[in-house]
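Listed below are the residues making up each chain.
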Amino acid sequence: LAKTTQPISMDSYEGQEVNITCSHNNIATNDYITWYQQFPSQGPRFIIQGYKTKVTNEVASLFIPADRKSSTLSLPRVSLSDTAVYYCLVVMNDMRFGAGTRLTVKP
Amino acid sequence: DTAVSQTPKYLVTQMGNDKSIKCEQNLGHDTMYWYKQDSKKFLKIMFSYNNKELIINETVPNRFSPKSPDKAHLNLHINSLELGDSAVYFCASSQGPAVGGKLFFGSGTQLSVL
């Protein structure tokens, strides 16, 4: 089963680009990489999902190298409201979350 | 309309009591889940049902019993509550059991066992 490793916490300032990397060394061929955002007192919210290379949506970009052993969530120009915990999930049939990265955006 | 709704939002009870948490989704999804989030924010999957059939059953005490009367509902019943059961419980759903992890979560039930 793919296990994920992320930094426990990160700090940033408003307007900066934030990159959060997740390691998943034993990712399986049919696993997807999914990122979630969780605010206090709320359930996690789907941000982005990818299988390889690069995926971009209105919220974030997801970069996945060719070996797929890691992935990087990129949040452009963060604001205070992006302060949250970000989870990387590697799954096809296993829905186990890692510990997440607590991002704090400062003014 | 809330996609995944769970009730109650807060549940405070005494040790030894039996309590239930209800979950309903109106997304037409086939698969539903229960997760437990402890004070350190680790999200752990407890159960998963696909079309009312249990497909994931993690190492959870048998005091916890999920029940799925239909594919839109997945309730969690907990017997003989213990202090260590205090946590936030999240219900989630997905279109199927193997859709790459796109889950829709409810807003959580904060359970406090005194």
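Described below are features of the structure shown in this document.

Criteria and thresholds
Sequence order sets the numbering: in each chain, residues are counted from 1 along the sequence as written. A letter from A marks each chain and a number from 1 marks each ligand, given out in the order of writing. Owing to the predicted nature of the model, reporting of local features is limited to residues with pLDDT of at least 70; listing and counting of side-chain atom pairs is limited to 80 or more, with chain, interface and lining totals taken over all residues. No hydrogens and no water enter the side-chain calculation; it runs on all heavy atoms of the structure. Helix and strand definitions here come from DSSP, where helices need a minimum of 4 consecutive H or I residues and strands a minimum of 2 consecutive E residues; each element is numbered from the N-terminal end. Within these notes, the globule rule equals 2.2 Å times the number of residues to the 0.38 power, and the radius of gyration is based on C-alpha atoms. When a residue's accessible area, from a 1.4 Å probe over protein chains only, is under 20% of the maximum for its type it is buried; when over 50% it is exposed; and in between it is partly exposed. Pairing between strands is defined by DSSP: at least two bridges between the two strands are required. Here the axes come from fitting lines to C-alpha atoms, over the contacting stretch only for helices, and the angles between their N-to-C directions go from 0 to 180 degrees. Contacts: residue pairs with any heavy atoms within 4.5 Å of one another. When two parts are brought into contact, each loses some accessible area as probed by a 1.4 Å sphere; the total of that loss over both is the buried area. The term salt bridge refers to a pairing of a side-chain nitrogen on Lys or Arg with a carboxyl oxygen on Asp or Glu at a separation within 4 Å. N or O atoms closer than or at 3.5 Å make up a polar contact, with two conditions inside protein: a donor-capable atom paired with an acceptor-capable one, and, for residues adjacent in sequence, both atoms drawn from side chains.

1. Points about the overall build of chain B
What chain B contains, in helices and strands, is 0 helices and 11 strands. Put simply, chain B runs from its N terminus to its C terminus through helices and strands in the order β-β-β-β-β-β-β-β-β-β-β. Relative to the compact-globule value of 13 Å for 114 residues, chain B shows a C-alpha radius of gyration of 13 Å, a close match. Overall, the C-alpha framework of chain B stretches about 40 × 30 × 30 Å when taken along its three principal axes. Counting over 114 residues, chain B shows a buried share of 44%.

2. Observations regarding the sheet that holds strand β8 (residues 84-91) of chain A
Residue and element names in this part refer to chain A. Pairing within the open sheet is mixed, and its 5 strands lie in the order β1-β9-β8-β3-β4. Here the strands that pair on one side only, and so sit at the sheet edges, are β1 (9-13) and β4 (45-50). Taken pair by pair, the neighbouring strands of this sheet meet at an average axis angle of 25°, ignoring direction. In this sheet, β4 lies alongside strand β3 (residues 32-38) in antiparallel orientation, the contact comprising 5 bridges. Within β4, the residue paired with Y36 across the bridge is F46.

3. Quick word on the interface of chain A and chain B
The interface of chain A with chain B comprises 20 residues on the first partner and 21 residues on the second. Roughly 1,700 Å² is buried in total at the junction of chain A and chain B, and carbon and sulfur atoms are behind 56% of that figure. Linking chain A to chain B there are 0 salt bridges. Viewed at the interface, chain B and chain A are joined by 3 residue pairs in polar contact (both at pLDDT 80 or more). When contributions to the side of chain A that touches chain B are tallied by element, the ones reaching two or more residues are β3, β4 and β8 of chain A. With 4 residues, the top contributor of residues to the side of chain A that touches chain B is β3(A).

4. Notes on unusual backbone geometry
With omega at 0°, the peptide bond leading from T7(B) into P8(B) counts as cis. Among the secondary structure elements, P8(B) is positioned in the loop between β1 (4-7) and β2 (10-13). Located in the positive-phi region is R77(A), a residue other than glycine, with phi close to 50°. A relative accessible area of 65% means that R77(A) is categorised as exposed. One non-glycine residue, S80(B), adopts positive backbone phi at about 45°. Within the secondary structure layout, S80(B) lies in the loop between β8 (73-78) and β9 (87-94).

None of this, on its own, says anything about what the molecule does.
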